[in-house]
Every structure is written in C-alpha cells, then in structure tokens.
Amino acid sequence: MISERAQITLNRQVGIDIWQMRLQTPQIAKAARAGQFVMLQCGTGLDPFLKRPLGIHEIAADFGVITCVYRVVGRGTGLLSKLPVGSQITVLGPCGRPWPQLNAAKAVIIGGGMGIAPLLPLAEDLSARGNTEIYLGANSSDELFALVDFAKCGNLRVATLDGSAGVKGFVTELLPTDLSATEIFACGPLPMMKAVAELAARQNINCWLSLEEHMGCGIGTCMGCVRPIKENDKIVYKRVCREGPVFNATEVVFDD
Amino acid sequence: MISERAQITLNRQVGIDIWQMRLQTPQIAKAARAGQFVMLQCGTGLDPFLKRPLGIHEIAADFGVITCVYRVVGRGTGLLSKLPVGSQITVLGPCGRPWPQLNAAKAVIIGGGMGIAPLLPLAEDLSARGNTEIYLGANSSDELFALVDFAKCGNLRVATLDGSAGVKGFVTELLPTDLSATEIFACGPLPMMKAVAELAARQNINCWLSLEEHMGCGIGTCMGCVRPIKENDKIVYKRVCREGPVFNATEVVFDD
Amino acid sequence: MTELAVNLAGLTLKNPVMTASGTFGFGREYAEFYDLSLLGAVVVKGTTLEKKQGNPPPRIAESIGGMLNSVGLQNPGADEVIANELPFLQQFATIKIVNIAGGTVEQYRAVAEKITASGLADALEVNISCPNVKAGGLAFGTDPLAAAEVTRAVRAVTPLPIILKLSPNVTDIAPIAKACEAEGADGISLINTIAGMVIDLDNRRPFFANKVAGMSGPAVKPVALRFVWQAARAVKIPVIGLGGIMTGRDALEFMLAGATAVQIGSANFYDPASAPRIVREMEQWLEEHRVKDVKELIGALEE
Amino acid sequence: MTELAVNLAGLTLKNPVMTASGTFGFGREYAEFYDLSLLGAVVVKGTTLEKKQGNPPPRIAESIGGMLNSVGLQNPGADEVIANELPFLQQFATIKIVNIAGGTVEQYRAVAEKITASGLADALEVNISCPNVKAGGLAFGTDPLAAAEVTRAVRAVTPLPIILKLSPNVTDIAPIAKACEAEGADGISLINTIAGMVIDLDNRRPFFANKVAGMSGPAVKPVALRFVWQAARAVKIPVIGLGGIMTGRDALEFMLAGATAVQIGSANFYDPASAPRIVREMEQWLEEHRVKDVKELIGALEE
Ligand SMILES: Cc1cc2nc3c(=O)[nH]c(=O)nc-3n(C[C@H](O)[C@H](O)[C@H](O)COP(=O)(O)OP(=O)(O)OC[C@H]3O[C@@H](n4cnc5c(N)ncnc54)[C@H](O)[C@@H]3O)c2cc1C
Ligand SMILES: Cc1cc2nc3c(=O)[nH]c(=O)nc-3n(C[C@H](O)[C@H](O)[C@H](O)COP(=O)(O)OP(=O)(O)OC[C@H]3O[C@@H](n4cnc5c(N)ncnc54)[C@H](O)[C@@H]3O)c2cc1C
Ligand SMILES: Cc1cc2nc3c(=O)[nH]c(=O)nc-3n(C[C@H](O)[C@H](O)[C@H](O)COP(=O)(O)O)c2cc1C
Ligand SMILES: Cc1cc2nc3c(=O)[nH]c(=O)nc-3n(C[C@H](O)[C@H](O)[C@H](O)COP(=O)(O)O)c2cc1C
Ligand code: FES
Ligand code: FES
C-alpha cells in the first residue's frame, strides 16, 4: 500500500457527467492489480477531507500511469472534475483485494453503470487466458465508455435502458439462459449484482462481485466501510476496503 | 463591489517566496482604483474558508485583467501558489478606499516589502500628473519586483537590508531630510510606516498609509478587521476593509 | 409554483431564509449585492443598550472549514441603531429582526424596550450567549435558570415576538429550550458560535486577547443540525436553525431536523450573495422533488 | 539534539506523539507504511469485554473539514484482542495503550482486569464517552459522578496507569476532569468526538442508523484546543490533547495549551504516515526555534 503525490495529466469529460482522469503514480501503477481501487484526494486543501474510492480503470505500469473513470455525483467528484491538468493530488493505493482469477478458463464479465470502470484491467488479464464474454449495460449510450478497449478483450455485448446503444433493456437481459462459464465477475448497481448472484447460484458458477461502501481510511483501520457478509451461517461485518471490494457472491447479503 | 469567478491565467514565482498572479476579472478590473484590494479564494473547496486580502498590483481594465503579487507566508498563500493556470477561483472586490490623489502635485511614494505591490497603480496614476519620487525597500534584491514598471512612473530609488540592490539599509534611510512634497503615500511594515508618519508630521506633509488586519468579509459587515483610529481626540475601532485600508497618517495609532 | 412562505411566531416570512446576526451588519453592505427584499427576514448586528467598542484586534481567525471571531459585540448602541441604522432597512419588503444582547438582565430589558418603542423592528432575537456578569462570566444561555430569567424580563416589556438565541456550549439543550418556552419565548434560534481557541504558536500566546472565541462556518454544520434536532423535539415553539449553512440543501436539512426557518451566517463572507442564492437553491430542490410547500419539510425527518 | 521524550504517568514516551483509538486499528495496517517504533505510544481500537458487532453501515460521512463516524465500537472482544492483536504490537519499541469501553461500570472493571492480566499493555485509556445504559444513554463522560464511578472501578483492579478519555459534549469540563483526578486517574485525554448529525436530504432520513454520530478531524481543532486548555488548568495530572491534529504545529499548539502528549486521529486517514511526519515536523520546529526540550512548551502559553 502506497501513498503517493500524483500529477493529473488528463482530466476530460467522456460522457454525460462521466470523466476520465489520468494520474502519474509510478509506484501505485507498479503494484496495482485488476479489481483494486485507489483513494483520491479531490481538492487542494483539507476540503474534501476524505479521499474518494475509485476503481482502477487502466494500469500502465511501464508509464507509471493509472486512469480512473468517474461519474460526478456529489461534491467530491464535482470538485475532482474541476481540477486542471497540472494539479497535484494525493493518491492512496492500490487498495483492496484484486479479482481472483484462478480458474477463469471461461469467464463472464458483467458491468453496469460505473461498475464498468474497474472491469477493464480484468478483461485485459483474462483475454490472454481464454474465452471471455463481456456484457456491459448503462442507462444510455452517453454513459458507456471504453467499449473499444473491452471489445479487444473478448466477446462484447452491450445493453442500454433507452436503447441508444446495443439492446434495449437491462444488461442482465443480455445473458443467455445457460452461461456455461467457469467464473463470473460482476460490478454494478446492487440490483444488477443480486440478479447475477442468483443466476450464478442457479447455474452453480463461481461468481465474484465488487461492492461499494462509504469509506474513511481505505486501508482497514477505521472499521467504517463494512458490509454484512455471510461467514459460517453467521452474518458478520467485513471491511470492503480490506476483505473486499471483491467478495464471493455466496457471501454477499443483499437485503440489509 | 463585485464577486466574480475568475480564471487564473498566470501564476509564477517572481522572487524568493514571492509570486505573481494574473486573474481574468473583467468587472473588477473595470471598477478598480489604485490602492484598493481584492479578496481571493485560495483553493477549490471550502478550505481555506476565508478569502485572503491582496492589494491590486496591476489594473488592465481594457483586457479585463488584474494582477496581484503575494508573498507565501502561510497556508492560504501556500495553496494559492500551487493553483495551476486554468484554475477558477472567486474574487471579491474592489475592496476598500483608493488612495486619495487630490493635491498630489509633488508626490512621494514609499514602499517596503510586500507593501510595494499596491503602490504601482498609484505610481502610474501620479506619473501623468507630475513629479513623483519613488522609494522602495526590501530585505534583499530577491524580494524586489516591478522595478522597471516603477521606474517608468517617476524617480526611483531602492534600498535593501543586505545591500544586494540599491543602497544598503532601510528604505526610510533613503529619504532626504527635506522631502518638499505635497503628499506622501506609504505602504509597508508598521515600523516603516511609523517612521514615515513621524517624518511627515515633522515636515507638515499630508501623508497616507495603507494598513493591514485579519479579515472576515472584506466588505464591512463582520467588524473583524478593525484598527484603533484617532477621531476627535478619541480612539475608535474602524474597519480597514471599509474606512481603510488607506488612512491619513495622523489618524493611525501605532502602539496598540 | 412552490410555496416558500413560513409562519414564524405570528410573522409571515416570504421564504425561510434569514440572515444571521453579526454576519450582515445592518444590511447596507449586502444591499450593494442584491435586493434585501428577496429575503425572508434580516437579523441585524447584536445591539446593546450603550455603544460597545468591542475587543481589540485581531478579531478573526480561520480554522479548517470555518472561522473564529472575537468581535465582542462592537455596535453603536441602541439609540444610534434606531436613529441611523434601522431606518435604512425600512425600504425593503422583508421582516426586520433586531438581535439584542446585554451583560445583565436589566440591560436586556432596557434595550428590548428601546427597540420596541422605535417601531422599527418586527421581532427581537435575544442573544443569551453573552457572559453573565453575575454568574462569573458564564453565558446566560448555558443555564436554564438564567435563560428563563432573561426571557421573562424581555417578555415583560415587549409585545413583539421574541426569539431566544441559544448557545451550543452545553451538555443538554432541552432544559434550556424548555425554560425559554415556559417563560413565553415565541421561538428559539440556534446555534450561536461554538467556543474555541486559536493559538499563535510562534509567539506562544493565545491568538485572541479574550483567549476563547466563537467558531462558525460549514465546519460546525453537523453539530448545529444535532442541536436543532434535539431542540425541536424538546419544544413546541418554532425553531430557527443555523450553523454552517452554505447551500439550499443545507438549509433544507435544517428544516427536516425541525427548523421552521434558517439563518445564513458565515456563508455571507464566503459568498456575499449567499442568502438569495440559497433561496433559489431551495426552490429548485423543492421543484425537482415536487414538493409544493416548503412547510411540508419542517420536522419531516423519517426516524 | 532536541529532547522529545515526555513522561506520562510514570511512562516515558520517546516523543509526545501517540495514535488515537479507533483510527489506528491494532497497528497492523500502518505498520505497512512505517516503523511503529517511531511513535511515542500506540493506542489501539476501543476494546470491550465481549465481541461487538458495531452499527450497521453506513458508518462514515464527510463533513466540511472533518468527518463523522458511527462505528459503534466494532471489535473482537478482550480475549481475541489479547490473543491475536496485542501480540503483534510487542515487536515495536513503543508504549502500548489499550483503549477500553463498556456499557456498565462492571464491564469497564472486567475488561480492565483482563487487559491488565494479559501483561500486553503499558497503560489503559478508559473511554467514558460511551452511553451509560443506566443513565438512559447519556455518556458516562458527561456527568462528574458517573465519570468518578468508572474511574474508581478501573482504579481498583489495575496497577497500570489509567487515562480517562473525556467527552467534549459538556458545558464545563473542569468538574469532570477533577472527578477523574480525585478517583486516581493518572491522566486524562480529550477530546473524543463531538456529537453531530448528518441528514440524507433526498431520502429525508438521518444518514446514520444511530442518528447522532461523532465528529472529528481538523474542523474540530479550535474546540479541542479550548477543552484541553480548560482541562489542563483544572487538574494536576497530565493531559493528552487531541482533536483535529494534522501537523507538527498543531501538536505543539496543544502542548502550549497544556498537553503533555498528543494523539493523532483522523489525520491517519488523510495521510497514513501522519504520525511520524508530525514527530518530524515537531522536531524541526523546535530546532528552528532553538527549543532544546519539548517539555518546555507544556502549558507554556503566555496569558
Ligand atoms: C471500491 C469502490 C470503487 C469505486 N469505483 C468507482 C469508479 O470507478 N467510478 C465511479 O464513478 N465511482 C466509483 N465508486 C463510487 C465513488 O466512490 C462515489 O461515487 C464517490 O465517492 C462519490 O463522491 P462524491 O463526493 O461525489 O459524492 P457525495 O455523495 O457528495 O459523497 C459524500 C461521501 O460519501 C461517499 N460516497 C458517496 N457515494 C459513495 C459510493 N457509491 N461508494 C462509496 N462511497 C460513497 C463519498 O466518498 C464521500 O465520502 C467506487 C466506490 C467504491 C467503494
Ligand atoms: C488590505 C490588505 C492588502 C494586502 N496586500 C497584500 C499584497 O499585495 N501582497 C501580499 O503578499 N500580502 C498582502 N497582504 C497580506 C496578506 O493578506 C497576508 O499575507 C495573507 O492573508 C496571509 O495568508 P496565509 O493564509 O498565507 O497566512 P496565514 O497566517 O496562514 O493566514 C491565517 C489567517 O490570517 C490572515 N492573515 C495573516 N497575515 C495577514 C496579514 N498580514 N494581513 C491580513 N490578514 C492576514 C489570513 O488572511 C488568514 O485569514 C495584504 C493584507 C491586507 C489586509
Ligand atoms: C463575525 C461574527 C459576528 C457575530 N456576531 C453575533 C452577534 O452580534 N449576535 C449574535 O447573536 N450572534 C453573532 N454571531 C453568531 C452568528 O449569528 C451565528 O450564530 C454563527 O455564526 C453560526 O452560524 P454560521 O455558522 O452560519 O456562521 C456572529 C458570528 C460571526 C461569524
Ligand atoms: C472512525 C473512528 C473510530 C473511533 N473509535 C474510537 C474508539 O474506539 N475509542 C475511543 O476512545 N475513541 C474513538 N474515536 C475517537 C478518536 O480517538 C478521537 O478522540 C477523535 O477522532 C478526535 O480526534 P481527531 O480529530 O484527531 O480524529 C474514533 C474516531 C474515529 C474517527
Ligand atoms: S475504509 Fe476504513 S476500514 Fe475500510
Ligand atoms: S473584514 Fe469584515 S468588516 Fe472588514
């Protein structure tokens, strides 16, 4: 885990309310693995005080660079989008556990909304290993990004709620009745992940989900980011930033 | 008085710990007069919360531009110096009363340290009217700025404490025993202004001083920026941001 | 059309946004930025019986996300305020509230009487966060008995609505709020500033001559919300919420917590046009969320 | 060579910088960033007699210049802490302080006994900002009698130095600090978090299940400094100052106000290497100002 002062070398709008930021973070770029996230300072002074967790969208270790794609939803991301190139911010990472990729001979990747962002490094890792099906969904085509990059990594299908790109509907409606996959990796809104988890359970496929929770430290000390997780028939609070963000779908409690 | 969102178009170091910032503030540039100041937001979020008062160093109304020259002394100015070109900050101004210039047929301008900054627009105004003697002092040549600009406006003499530029010593030591001026305008450290005030009193010259105090609002409502000021034999607290920053030397109380 | 008007102790405010005492002078300076008639009410600088010179400078310090002040109630005294300041405000179609303060109960009574007699105020806000000379410098507002005594004294001399302004420097706000209510307060407002200290490290001395000063600004918002929520549950009279309000969303949060109206304080320093901006932002949020009447939100927190 | 060591209730800290309970886990995570032996002391997460599951999420909110938490003391319980957490810390040459909490006086006594018996703690910090079940949920730390009772109970069962951690949610800190001192506390630490509230406007409900949460971070510094100054004037035992410390300058300000040592809390979240950085910054300031021994600054505010 590294805390690094990073220069912003790109910060541009790539969709409605969606921005991409490139950061010069040599050490974090070197250590980062697919599925991990960073904690980003969103301003120059002590406001915003807490860093924002953002999935790592691209890792270019050789260039000492990572990128994040973020939606402007509140104050922090709003201020982040206004930082000009050349600004310096502190970045903490890589945080959390990466996607486990042991048996991913035939993998299915399912991303919804901003959940698409942290799936790209996984898709790239898996593309070398075998057959990857990639399903991405969003409200509309303006909120889809990195499609060209994903398409290079496997078989890509897209859904949008308004039908402006791909099939009209939820991303889960794209999925074939029989996935015949060894592993599912999903990130997106909770209802989407719930549907994916149920499907995986029915078809007995190992399924991994990436969760979100409000965070204090991002490294496991504040006990702030817990989610209820099943462990030996009991439900315990586990830290999204340390034991997560990736959990096995069978552990995740959806209705707390 | 105007509150304006301004783009930073220049922010460069011009001396040891001294920076110059150019701001795109069309409305303030139009309204500003020599001796007034602006309140500058020093960051992107709500920290720093209070704006910093800085004298207006250049007014280019036609280009919608003002510049300030500031010394990095604490958190606010430190953060200000790190804002890259392209950043947007809020600027409030023009604040305070300008230098009165009614009888300035033969004017003497005395600036010490950062007190030099707000004297340039005055020197420019006066240069059109007559004979202006300009005396500037600083600790060392690294802390002197805008000398070429001042030299265009009148007879310029310089002193530095370490002798690295001009005469070695305090700026007040440059002053001739008989100033034979109609008006003195001074801005700088309190001891310098005290010496100037005493000299003006001895020679019976009308003398104006620009004061500093910690500010809340910059516009006269918080009663935060008061200095003790003589008024009809009594001492009352007057607002530097409203009744000042320029006061007549005979009103100023030096030992509170 | 979204209804923004609220009723406050018999007064109708065109919207719930008021200015906070001491952050708005007597309105003159902000009138350079906008028409004060846009506001629900204006609360002017704390006014005392006699002219007050205030504390020596420095009076203002910054803290992270906020500020501290030690102005010490500098004001020209009730007579001057009546003669030279309040007349200016009469041109604006807004409720005028005079904030009053004193060091003794007798002073509160006397200044309330003068302001009432002037006919220039629609209501009085009684700041009981001032040091109580008799109680060894502790604020009237930190003790239910002292708060009751001031309320009773002011109540006795004015028919105007009186709003008691409470201090957050207490263990439990409920008994103090209740004491004011029991003595006839028409409303309470809170929070006043939180007692804080700034130290000038390099000179090894307190930054303020008074040592302890008052903290305000967005940093205090969560504390203010908590006090407003607790006070609103304790009394039936209307509560005016303030402390760190910077946006329309902030203002609406205070209303959910139980406030009938809100005051804008330090935000005026951050952005001189804060108060009318906050009115607009409130209206916009209400429209977006299809709330027809802002009064629906008062105390509407689902718990 | 600048002397940084301070004496605290019989313990020698190599420097005045400690970590604050609940912001440092049990040290493991920060050990990835630096050698914990650089610190004067480590205070671990609040430990209760039994395992505590804590409050449901969300537990963290941001405020301007700070944050609020409603963790609810999630911890594995004293036995687990002794078996699996404290042993890890023994490799570091720093003072180990276990922060303990309970809902009843009996629970405080029992957990103090267990931790003492383990031999793995150099001192106990007793968090009395927990809700007192008997007193209807008010914190022990808001009442001098309850504070005295907890102090007495813990004092009776441990020979270790005990530091009582006080709440800032009180009108007057002096009687509470004095009550702890009278019952044999070896030191006091303050401030714990300030009670605050966050409202989820769009859903019209309190953001935290518990409604009221605890505010910390740089926003609270002026309030913390004031409490530390007031407490240090009230008692003779050492005071540990905390609340919003972000820099070496902040830490030295607390020492001027009367603190013998300081704790670094939320700053750990802002910058994981805050604590050793603050040690360096203190040392640098002392060198620049030719102060040979940091102890010279304790309570050295010129008033
Ligand atoms: C592990 C992880 C990875 C994420 N990756 C991405 C990503 O790649 N792209 C992206 O657009 N978003 C991502 N998010 C969500 C992102 O963190 C939030 O949208 C962001 O924190 C909102 O900040 P704000 O200040 O704009 O919103 P505000 O609502 O103003 O934030 C207030 C506080 O709540 C927290 N918060 C608000 N929403 C969330 C959330 N959904 N999750 C966690 N904290 C939240 C903020 O961090 C902040 O502390 C991720 C979240 C997590 C936990
Ligand atoms: C009317 C006026 C004009 C000024 N013009 C200039 C100028 O042209 N160039 C320049 O370099 N400086 C100028 N100053 C001083 C400048 O405002 C301070 O150096 C600056 O505010 C320091 O901010 P900081 O955050 O870096 O310092 P900190 O000490 O960290 O500031 C803490 C707080 O104290 C206030 N403060 C600290 N020093 C001063 C001061 N000397 N005067 C007023 N407030 C202060 C800050 O504004 C802030 O609120 C002027 C001051 C005034 C009042
Ligand atoms: C500079 C300043 C002066 C103040 N003067 C007064 C006053 O005279 N009377 C009063 O009741 N409150 C006074 N206050 C307190 C404010 O009215 C308000 O209660 C407090 O600032 C909290 O609100 P805020 O966080 O929105 O500023 C003053 C506050 C500031 C910042
Ligand atoms: C997430 C979090 C958890 C905390 N848990 C505890 C705790 O278990 N016991 C305790 O005494 N204080 C706890 N505190 C309070 C801190 O130790 C400290 O008193 C407070 O945060 C003020 O210091 P700061 O502003 O430097 O953070 C916690 C604070 C935070 C932010
Ligand atoms: S964010 Fe602190 S434990 Fe996860
Ligand atoms: S800074 Fe507010 S009155 Fe001058």
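Residues numbered from 1 in each chain as written. Chains lettered and ligands numbered in written order. Predicted model: local features only at pLDDT ≥ 70, side-chain atom pairs only at ≥ 80, totals over all residues. Heavy atoms only, no water.

**Examining the overall build of chain C**
Then step 1. Along its length, chain C carries 8 helices and 16 strands.
Then step 2. Rg of the C-alpha trace for chain C: 18 Å, near the compact-globule value of 19 Å for 303 residues, within the 12% margin.
Then step 3. Principal axes of the C-alpha set define a box for chain C whose edges measure 55 × 45 × 40 Å.
Then step 4. Looking at chain C as a whole, 66% of its 303 residues are labelled buried. (Helix = DSSP H or I, 4+ residues; strand = E, 2+ residues; numbered from the N terminus. Rg over C-alpha atoms; globule rule 2.2 N^0.38 Å. Buried < 20%, exposed > 50% of the residue type's maximum accessible area, 1.4 Å probe, protein only.)

**Points about the site of ligand 3**
Then step 1. Residues in close proximity to ligand 3 total 23 residues, the closest being Ser-21, Lys-165, Gly-217, Gly-244 and Ser-266 of chain C.
Then step 2. Site remark: ligand 3 is flanked by residues from chains B and C.
Then step 3. Between ligand 3 and the protein, one listed contact pairs an oxygen atom with a side-chain N or O atom of Lys-165 of chain C at 2.7 Å.
Then step 4. Between ligand 3 and Ser-266 of chain C, the relevant distance is 2.6 Å, taken from an oxygen atom to a side-chain nitrogen or oxygen of the residue.
Then step 5. For ligand 3, the protein covers 97% of the area, taking 610 Å² as the surface of the free molecule.
Then step 6. By residue class, the composition of the shell around ligand 3 is 6 nonpolar, 15 polar and 2 charged. (Near = heavy atom within 4 Å. Polar contact = N/O pair within 3.5 Å; in protein donor to acceptor, adjacent residues only side chain to side chain. Areas by Shrake-Rupley, 256 points an atom, 1.4 Å probe, with all protein chains shown as cover. Nonpolar A, V, L, I, M, F, W, Y, C, P; charged D, E, K, R; others polar.)

**Comments concerning the pairing of strand β2 (residues 18-24) of chain B**
Residue and element names in this part refer to chain B.
Then step 1. Most of β2 sits inside the fold, with 5 of its 7 residues counted as buried.
Then step 2. Once strand β1 (residues 2-15) ends, the chain turns through 2 residues before running back antiparallel as β2, passing Asp-17 with a positive phi of about 60°.
Then step 3. Summarising the sheet, β2 and strand β6 (residues 65-71) pair through 7 bridges and their orientation is antiparallel. Residue pairing across strands places Gln-20 opposite Val-69, the latter belonging to β6. (Pairing = 2+ DSSP bridges.)

**Description of the relation of the copies chain D and chain C**
Each of the two copies of the chain can be brought onto the other by a rotation about an axis and a shift along it.
Then step 1. Under the fitted operation, chain D is carried onto chain C by 0.0 Å of movement along the axis and a turn of 180°, and the coordinates agree to an RMSD of 0.0 Å. Overall, the copies show the geometry of a two-fold rotation axis.
Then step 2. Of all interface residues in chain D, 100% are interface residues in chain C too; the two copies therefore contact each other through one and the same surface. (Least-squares fit on C-alpha atoms with pLDDT ≥ 70 in both. Contact = heavy atoms within 4.5 Å.)

**Side note on the interface of chain D and chain C**
Often the size quoted for an interface is simply the accessible area lost on bringing the parts together.
Then step 1. Taken together, the contact pairs 42 residues of chain D with 42 residues of chain C.
Then step 2. Buried surface at the junction of chain D and chain C, summed over both partners, amounts to about 4,000 Å²; 68% is from carbon and sulfur atoms.
Then step 3. The three residues of chain D that bury the most area against chain C are Met-197, Leu-201 and Arg-204 of chain D, which together make up 20% of that side's buried surface.
Then step 4. Remark: the boundary between chain D and chain C carries 2 salt bridges.
Then step 5. Close ionic contact of Asp-202 of chain C with Arg-249 of chain D constitutes a salt bridge, the shortest N to O distance being 3.1 Å.
Then step 6. Among the elements of the structure, β11 (194-197), β13 (205-206), β14 (212-216), α6 (221-234) and α7 (248-256) of chain D are those that each provide at least two residues to the side of chain D that touches chain C. (Buried area = accessible area lost by both parts, 1.4 Å probe. Salt bridge = Lys/Arg side-chain N within 4 Å of Asp/Glu carboxyl O.)

**Description of the domain arrangement of chain A**
Residue and element names in this part refer to chain A.
Then step 1. Domain boundaries in chain A define domain 1 (2-95) and domain 2 (106-251).
Then step 2. Distance from the C-alpha centre of domain 1 to the C-alpha centre of domain 2: 21 Å.
Then step 3. With both sides pooled, the region where domain 1 packs onto domain 2 buries about 1,700 Å², and carbon together with sulfur makes up 68% of that total.
Then step 4. Its largest share of buried area at the contact with domain 2, domain 1 owes to Ala-34, His-57 and Arg-71, together 30% of the area lost on that side. (Domains from an automatic or database assignment.)

**Some details on the pairing of β6 of chain B**
In the case of a regular strand, side chains alternate between the two sheet surfaces.
Residues and elements named next belong to chain B.
Then step 1. In terms of burial, β6 is a largely internal element, 6 of the 7 residues being buried.
Then step 2. Pairing of strand β5 (residues 58-60) with β6, which is carried by 3 bridges, proceeds in the antiparallel orientation. When the sheet's bridge partners are listed, Ala-60 is paired in β6 with Val-65.
Then step 3. What sits between β5 and β6 in their antiparallel hairpin is a turn of 4 residues, with Gly-64 showing a positive phi close to 70°.

**Quick word on the packing of aromatic side chains**
Where two aromatic rings form a pair, the distance of their centres and the angle of their planes describe that pair.
Then step 1. One pass over the structure, following the stated rule, counts 13 aromatic pairs over all chains.
Then step 2. Between the aromatic rings of Phe-49 of chain B and Tyr-270 of chain C, the centroid separation amounts to 5.7 Å while the plane-to-plane angle is 10°, which identifies the pairing as stacked. Taken together, the positions of Phe-49 of chain B in the loop between β3 (37-40) and β4 (52-55) and Tyr-270 of chain C in helix α7 (residues 267-270) put the pair across two chains.
Then step 3. Since its relative accessible area comes to 16%, Tyr-270 of chain C is described here as buried.
Then step 4. One aromatic cluster is present, built from ring pairs that chain together Phe-24, Tyr-30 and Phe-33 of chain D.
Then step 5. Over the ring of Phe-88 of chain C we find Arg-28 of chain C, and its NZ or CZ is 4.8 Å from the ring centre.
Then step 6. Across from the ring centre of Tyr-237 of chain A, 5.0 Å away, lies the NZ or CZ of Arg-59 of chain D, which sits over that ring. (Phe/Tyr/Trp six-rings, centres within 6.5 Å; stacked < 30°, edge-to-face > 60°. Lys NZ or Arg CZ within 6 Å of the ring centre and 35° of its normal.)

**As for the sheet that holds strand β10 (residues 155-160) of chain B**
Residues and elements named next belong to chain B.
Then step 1. On the basis of which strands lie adjacent, the open sheet formed by 7 strands has the order β11-β10-β9-β8-β12-β13-β16 and mixed pairing. Only two strands of the sheet have a single partner each, and these edge strands are β11 (167-168) and β16 (246-248).
Then step 2. Sheet topology places strand β12 (residues 183-187) next to strand β13 (residues 206-210); 5 bridges connect them, and they run parallel. Within β13, the position partnered with Glu-183 by the bridge is Asn-206.
Then step 3. The strands touched by helix α5 (residues 190-203) within the sheet are β8 (106-112), β12 and β13, with β12 carrying the most contacts at an inclination of about 170°. (Axes fitted to C-alpha atoms, helices over the stretch in contact; angles between N-to-C directions.)

**Details of the site of ligand 2**
Residue and element names in this part refer to chain B.
Then step 1. Around ligand 2 lies a shell of 19 residues, among which Arg-52, Pro-53, Gly-76, Thr-77 and Glu-212 are the nearest.
Then step 2. Gly-74 places a polar main-chain atom, nitrogen or oxygen, 2.9 Å from an oxygen atom of ligand 2.
Then step 3. Counting only elements with at least two residues in the shell around ligand 2, the list comes to β4, β6 and α2 (75-81).
Then step 4. Among the elements that line the shell around ligand 2, the one with the most residues is β4, at 4 residues.
Then step 5. A per-class count over the shell around ligand 2 returns 9 nonpolar, 5 polar and 5 charged.
Then step 6. Lining the shell around ligand 2 are residues from two domains, each supplying at least three of them: domain 1 (2-95) and domain 2 (106-251).

**A closer look at the side chain of Ser-63 of chain C**
Then step 1. Positionally, Ser-63 of chain C belongs in strand β5 (residues 60-63).
Then step 2. Engagement of the side chain of Ser-63 of chain C in a polar contact is seen with the backbone nitrogen of Met-67 of chain C, the distance being 3.4 Å.
Then step 3. Setting aside residues no more than four positions away along its own chain, Ser-63 of chain C makes contact with Leu-68 and Met-215 of chain C together with Pro-222 of chain D.

**Details of the nonpolar core**
Then step 1. Of all hydrophobic cores here, the largest spans 314 residues; its most connected members are Ile-188 of chain C together with Ile-188 of chain D.
Then step 2. If we ignore the near neighbours within four places in the chain, the residues touching Ile-188 of chain D are Ile-163, Leu-164, Leu-166, Ala-177, Cys-180, Ala-231, Val-235, Ile-237, Pro-238, Val-239 and Ile-240 of chain D.
Then step 3. Counting 28 residues, the second largest nonpolar core, distinct from the first, contains Ile-18, Met-114, Ala-146 and Phe-185 of chain B. (Core = buried A, V, L, I, M, F, W, Y, C linked by side-chain atoms within 4.5 Å.)

**Regarding the environment of Thr-77 of chain B**
Residue and element names in this part refer to chain B.
Then step 1. Within the fold, Thr-77 resides in helix α2.
Then step 2. Classification of Thr-77 by relative accessible area gives buried; the value is 9%.
Then step 3. Taking the C-alpha atoms as reference points, Thr-77 and Leu-174, 97 residues apart in sequence, are found 31 Å from one another.
Then step 4. Beyond its immediate stretch of four places on either side in the chain, Thr-77 contacts Tyr-70, Arg-71 and Val-72.

**Re the packing of helix α3 (residues 144-157) of chain C against helix α4 (residues 174-182) of chain C**
All names here are of chain C.
Then step 1. Packing of α3 against α4 leaves a shortest axis separation of 8 Å and a crossing angle of 25°. As summarised for this structure, α3 and α4 are arranged roughly parallel, according to the angle between their axes. Crossing geometry of α3 relative to α4 is assigned as right-handed. Across the interface between the two elements, Pro-144, Ala-147, Ala-148 and Thr-151 of α3 pack against Pro-175, Ile-176, Ala-179 and Cys-180 of α4. (Parallel < 35°, antiparallel > 145°, perpendicular 65-115°, else oblique. Left-handed = near helix turned anticlockwise from the far one by under 90°.)

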